[in-house]
Every structure is written in structure tokens, then in C-alpha cells.
Amino acid sequence: MEQVSAAKAFGGVQGVYRHASSATGTEMVFSVYVPPHAKGATLPVLWYLSGLTCTHANVTEKGEYRAACAEHGMIFVVPDTSPRGEGVANDDGYDMGQGAGFYVDATEAPWAPHFRMRSYIETELPALIAAEFPMADMGRQGITGHSMGGHGALTIALRNPRRFASVSAFAPIVAPSRVPWGQKALPAYLGADEAAWRPYDAVSLIEDGARVTELLVDQGGADSFLDSQLRPELLAAACEAAGIPLTLRVQPGYDHSYYFISTFMAEHVAWHAERLRG
């Protein structure tokens, strides 16, 4: 692991790192904020998964999480959204290819050799964090994300409920198999068999029996993608049928941007901190 940069913030350190990924076969860049802490202390870890077109840098620069993480003693980890570089498949659209990995392990050409973001997020990067950041308590992990990253956070938590004690999302794609973004990406990455899509669809996972203790979702009421791509009502119906407590807050006047995310980020950090304290 190579340190790309480090800066002091709110008494802690905001770092950016690079490493060679065996999962993706590429170099991957990620950021980690470590808050101030006593020597020998261990801290809970909150993962943040970014949305379409983003890298680690978007939330690192615009997310306004560091003050809350310093207050609550929370490590904040931000991976990239896809593999990148020469020889990595891409698409002319913003919603496929580099910057749009959808947190799947692709099985179809030309994506399969590098687009293995599920393995990267669920297995490889956590092992690296555990090895390189001894203050990280990997027994206390939460996960959140935005849009495509909200989809990633929900599906990863539903597949790994014992690992993630808390899960939230900002404007998540809750049912990608039922909206245009997912109907483009999932068959391209995973093939035409819709059964292969279900592990990457939060609503389908809940319908198939996956459970988490509770969910927090914030959604902008003025989000231009609300009715066509996000459809939080599908998540609400699935959670109600499954008995999963869902706090769905539609925030009037807010859009899909980091103005929205940064407004409610501190509340999400505090919500996760309360559930990861023990």
C-alpha cells in the first residue's frame, strides 16, 4: 500500500492510498479518515460507497463527514467505484464501465477480467484495512453510500448481515433490475438470466429472505431521478412485508447532489456510531 497524500483534519488524518488489487487486476485508490484517538484504542469503521461517475475523491472533498467522525471516533473508508486504467473495458455512457462498476462481480465479456467490485469491497479491501490500520475494529463495521453506492451498501449489507451492524443510504437505487440504470448495467455485466441479478438488487434480496436489523434512508424530494431510477417506495414495500424497520426520510427541496449528502452526512455518522458503540 502506497500513501498518495495525508492531511490533518479535525485532529485526525485524512489519507489517500493506492495499491495493486488482485481482485480487479488493476491499481485501486481509496481514502481513509482516521479520527484522533488514544494510543491503543480501536475504532469502528464506516464504509461509504460512491455513485455513478464518482471516485473516492467526491465524498472525500465534498462529503463533510470529518467533524462528525472526529466527534464520534469513527474511521471512514471510501473505495473507488470501479477498476480503471489502460486495458480496462469502458463504455461511452456515464452509467456503464469505468466509474460505474455497480459493485458486482462481472461474468460477461469484456467486463469479467477486471470488474470484480463485489470481491474487492467484500473481501480484499477489508483485509487490507485490517492489516494496515491496526486501530480499525473490524468487528464493528457499518456501511452507507449514495445512489449506485447506496445500492452497493444495501446489497452488501443484506448479503453480509453479521459483518455490518448498521446500514444506511442516500438516494439509493433500491431495485436496479426494475429501473433503466440497472436494466442496462446488470445484463451487460451478468448476462441475460435475471436470476443472476437478484443478489445485486436490494428489493429482490429482501424478497428472497435476506434481512438486516434496520435501515436508514434519506432521499431528496426534488431529486430528478426519484421516480425513474430510485423508486424508494419499492424498498418501503419490501421492508414492510419482511418486517424490517425502515426509516425513510424524504427531504423536501433537496436534489441528488453532494449539497444534499453533506447536509445529512453528520446525522448518518451519528446514527451509525450509536449502533457501533458496543
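Our structure is the block above this text.
Residues numbered from 1 in each chain as written. Predicted model: local features only at pLDDT ≥ 70, side-chain atom pairs only at ≥ 80, totals over all residues. Heavy atoms only, no water.

**Quick notes on the nonpolar core**
- Grouped together as the largest cluster of nonpolar side chains are 90 residues, with contacts concentrated most on Phe76 and Tyr189.
- Of all the elements, helix H9 (residues 258–276) adds the most residues to this core, at 8 residues.
- With near-sequence residues (within four places) excluded, Phe76 lies in contact with Ser31, Val32, Tyr33, Leu46, Tyr48, Val59, Tyr65, Cys69 and Met265. (Core = buried A, V, L, I, M, F, W, Y, C linked by side-chain atoms within 4.5 Å. Buried < 20%, exposed > 50% of the residue type's maximum accessible area, 1.4 Å probe, protein only. Helix = DSSP H or I, 4+ residues; strand = E, 2+ residues; numbered from the N terminus. Contact = heavy atoms within 4.5 Å.)

**Focus: the environment of Asp223**
- Structurally, Asp223 can be placed in the loop between strand S8 (215–220) and helix H7 (226–230).
- Using a relative accessible area of 5% as the deciding quantity, one classes Asp223 as buried.
- C-alpha of Asp223 to C-alpha of Gly191: the two residues are 32 residues apart in sequence and 30 Å apart in space.
- Not counting chain neighbours up to four residues away, the residues in contact with Asp223 comprise Ala171, Leu230, Tyr254, Asp255 and His256.

**Notes on helix H4 (residues 148–159)**
- For H4, spanning 12 residues, the distance from its first C-alpha to its last is 17 Å, which sits close to the expected 16 Å at 1.5 Å a residue.
- With 12 of its 12 residues buried, H4 lies for the most part within the structure.
- Along H4, the residues that are buried comprise Met148, Gly149, Gly150, His151, Gly152, Ala153, Leu154, Thr155, Ile156, Ala157, Leu158 and Arg159. (Expected span 1.5 Å × (residues − 1).)

**Structural notes on the pairing of strand S6 (residues 136–145)**
- A large share of S6 lies buried, amounting to 7 of its 10 residues.
- The sheet contact formed by strand S4 (residues 43–49) and S6 spans 6 bridges and is parallel. Within S6, the position partnered with Tyr48 by the bridge is Thr144.
- Pairing between S6 and strand S7 (residues 164–170): 3 bridges, direction parallel. Across the sheet, Gly142 pairs through a bridge with Ser166, a residue of S7.
- Crossover S6 to S7 through H4 is right-handed. (Pairing = 2+ DSSP bridges. Right-handed = clockwise from strand over helix to strand, strands pointing away.)

**Structural notes on the pattern of salt bridges**
- For the structure on display, the rule yields 17 salt bridges.
- Note that Arg140 is salt-bridged to Asp137, the shortest N-O span being 2.8 Å.
- Residue classification places Arg140 among the buried positions, given a relative accessible area of 14%.
- Exposure remark for Asp137: the relative accessible area of 21% places this residue in the partly exposed category.
- As a salt-bridge pair, Glu214 and Arg275 come within 2.7 Å of each other at their nearest N and O atoms. Here Glu214 is found in the loop between helix H6 (202–207) and S8, whereas its partner Arg275 is found in helix H9, with 61 residues between them in sequence.
- Residue classification places Arg275 among the partly exposed residues on the basis of a relative accessible area of 28%. (Salt bridge = Lys/Arg side-chain N within 4 Å of Asp/Glu carboxyl O.)

**A few points about the packing of aromatic side chains**
- In total, this model carries 13 aromatic pairs according to the counting rule given.
- Taken together, the aromatic side chains of Tyr33, Tyr48, Tyr65 and Phe76 make up a single cluster linked through ring pairs.
- When the ring centre of Tyr65 is taken as origin, the NZ or CZ atom of Arg66, which lies over that ring, is 4.8 Å away. (Phe/Tyr/Trp six-rings, centres within 6.5 Å; stacked < 30°, edge-to-face > 60°. Lys NZ or Arg CZ within 6 Å of the ring centre and 35° of its normal.)

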